[in-house]
Structures are given as C-alpha cells and as structure tokens.
Amino acid sequence: MLLIAGLGNPGATHAKNRHNIGFMAVDEIARRWDFGPQRARFQGFVREGAIETPEGPVRTLILKPQTFYNEAGRAVGEALKFFKMDPADLVVFYDEIDLAPGRFRMKAGGGAAGNNGVRSITAQVGPYFRRARLGTGHPGDKALVHGHVLSDFHKADLKWVEPLIQACADAAPLLAAGEDEKYQTEVMRLAPAEKADPRKLAKDAK
C-alpha cells in the first residue's frame, strides 16, 4: 500500500496559493487514476484507489491534511499509524522554493530545509519518507518568503504549473512501483523546465 500526502492550506482562500501546489498535484493523481470520492478522515480529506504498475495495481490512499500546512504531520502520522505503514511507503508532495519554477526533484530522507510542513511530518513519523518537491521559485529575499508562498500563482505561471502536475499524475506508475529516480526523470521529460538558480531568477526579474 502507498500513502500519498499533499501539503497545502485548507479553504478556498488558499486554493491557488503557491503553498498549495502539493494539493494540486495529488488531486490530479486522484483524477487521473479514477480514485473514489473524497471523504473526511485522519484530520484531512482522503481518496482511495489504485495506480496501475507493470507488477499489478498498487492500492493507494491520497491524503490532504486539513490541519493547516505547518501541522500536516498530525494527519499524516495518524494515517500511517492506522495502516501500520512504514515511512518508506509515504510520499509527500510539496512546494520547494529552492527549486526553479517547474523543476521537480524526488528525495528520500533528509532534513526539513526550513519547510515547517515537512518538519511537522518528521516529528511524527521520522525523516525516512519520500519527498516529491515541486519547484515554485524563490522571491529573492528571505523576508519575502512568507508572502511569496501564500500568494496565488499568476496566470503566466499556469504554463508550467499545469504541465507539471499533469506529468506527476501521468508518471505515477513509476512512483507506485518505488522507482523514484525514474519517476523524477519521467516527470521532467513530460514537463521540461529550465534548470536555474531560483534566487538569481527572482533578482533578474526585478
């Protein structure tokens, strides 16, 4: 079984925020693979389904914590404990300001790198879970980060946001099969994005 959690903040006000791209990605996975209806469980919203792989379908639970971003670990920890799952069976999709817009990176284990949602999950389940990091770019100044992540994507951003979340869903069989490196490669093949220093991009845009 696989548990896929997306990070974001609940409510319509935050729906289009950069901080909510994790929600957007897991919603697209659920849609693409025809998961069941959303219901309230584990201090969040869940959808159940399966992702087809060459070895057969992998039962998958998608979780969107409704505890607010910085407390996501409460919901994730509750779900993981209920199903008696190992942290290696958990994949967390979230926004990464230290990746250029549209870039995608998989990572297993490690620190929180200043991400309070990841820190909250680590406090509940330990650091050894899989991270699907969706690049949203950096505002160029640490003082601007809070406002940046809680601001909506601009219309121009949709030219990379939509292909990225679509690629995350289309390549999901590799994720379900545990082929994280191949999954990363396939997502970037389906939704290519320029590799660049996100801080430099922000400064150049000013």
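It should be noted that the structure appears before, not after, this text.
What you are looking at is a predicted structure, and each value in this text was computed from that prediction instead of being measured. (Residues numbered from 1 in each chain as written. Predicted model: local features only at pLDDT ≥ 70, side-chain atom pairs only at ≥ 80, totals over all residues. Heavy atoms only, no water.)

(A) Representation of the nonpolar core within the structure. Of all hydrophobic cores here, the largest spans 36 residues; its most connected members are I21, F93, F104 and Y183. Counting residues per element, this core draws most heavily on helix α5 (residues 158–170), which supplies seven residues. Among the nonpolar cores identified, the runner-up in size contains 23 residues, and L7, A75, V76 and L90 belong to it. (Core = buried A, V, L, I, M, F, W, Y, C linked by side-chain atoms within 4.5 Å. Buried < 20%, exposed > 50% of the residue type's maximum accessible area, 1.4 Å probe, protein only. Helix = DSSP H or I, 4+ residues; strand = E, 2+ residues; numbered from the N terminus.)

(B) Examining the side chain of H138 more closely. Within the secondary structure, H138 sits in the loop between β7 (130–135) and α4 (145–149). Look at H138 and you get buried, because its relative accessible area is 8%. Of note is the side chain of H138, whose polar atom sits 2.8 Å from the backbone nitrogen of G140. (Polar contact = N/O pair within 3.5 Å; in protein donor to acceptor, adjacent residues only side chain to side chain.)

(C) Spotlight on unusual backbone geometry. Residues other than glycine seldom take positive phi values, yet Q43 does so here, at roughly 55°. Summarising the element assignment, Q43 is placed in the loop between β2 (39–41) and β3 (44–53). Since its relative accessible area comes to 33%, Q43 is described here as partly exposed. In this structure, K84 is a non-glycine residue whose phi angle is positive, near 55°. Using a relative accessible area of 75% as the deciding quantity, one classes K84 as exposed.

(D) Layout of the side chain of R133. Within the fold, R133 resides in strand β7. With a relative accessible area of 16%, R133 lands in the buried category. Polar side-chain contacts of R133 include one of 3.2 Å to the side chain of E96.

(E) Representation of the pattern of salt bridges within the structure. Counted by the stated rule, this structure contains 10 salt bridges. Across the salt bridge formed by R18 and D157, the nearest N and O atoms sit 3.4 Å from each other. Taken as a pair, R18 in the loop between β1 (2–6) and α1 (21–32) and D157 in the loop between α4 and α5 lie far apart in primary sequence, 139 residues in all. By relative accessible area, which is 13% here, D157 ends up buried. Ionic pairing is found between D170 and R32, a salt bridge with its closest N-O pair at 3.0 Å. On the criterion of sequence distance, the pair formed by D170 in helix α5 and R32 in helix α1 is long-range, its members being 138 residues apart. With relative accessibility at 32%, the residue D170 sits in the partly exposed group. Look at R32 and you get partly exposed, because its relative accessible area is 35%. Members of the salt-bridge network, linked through shared partners, are R39, E48 and R59. (Salt bridge = Lys/Arg side-chain N within 4 Å of Asp/Glu carboxyl O.)

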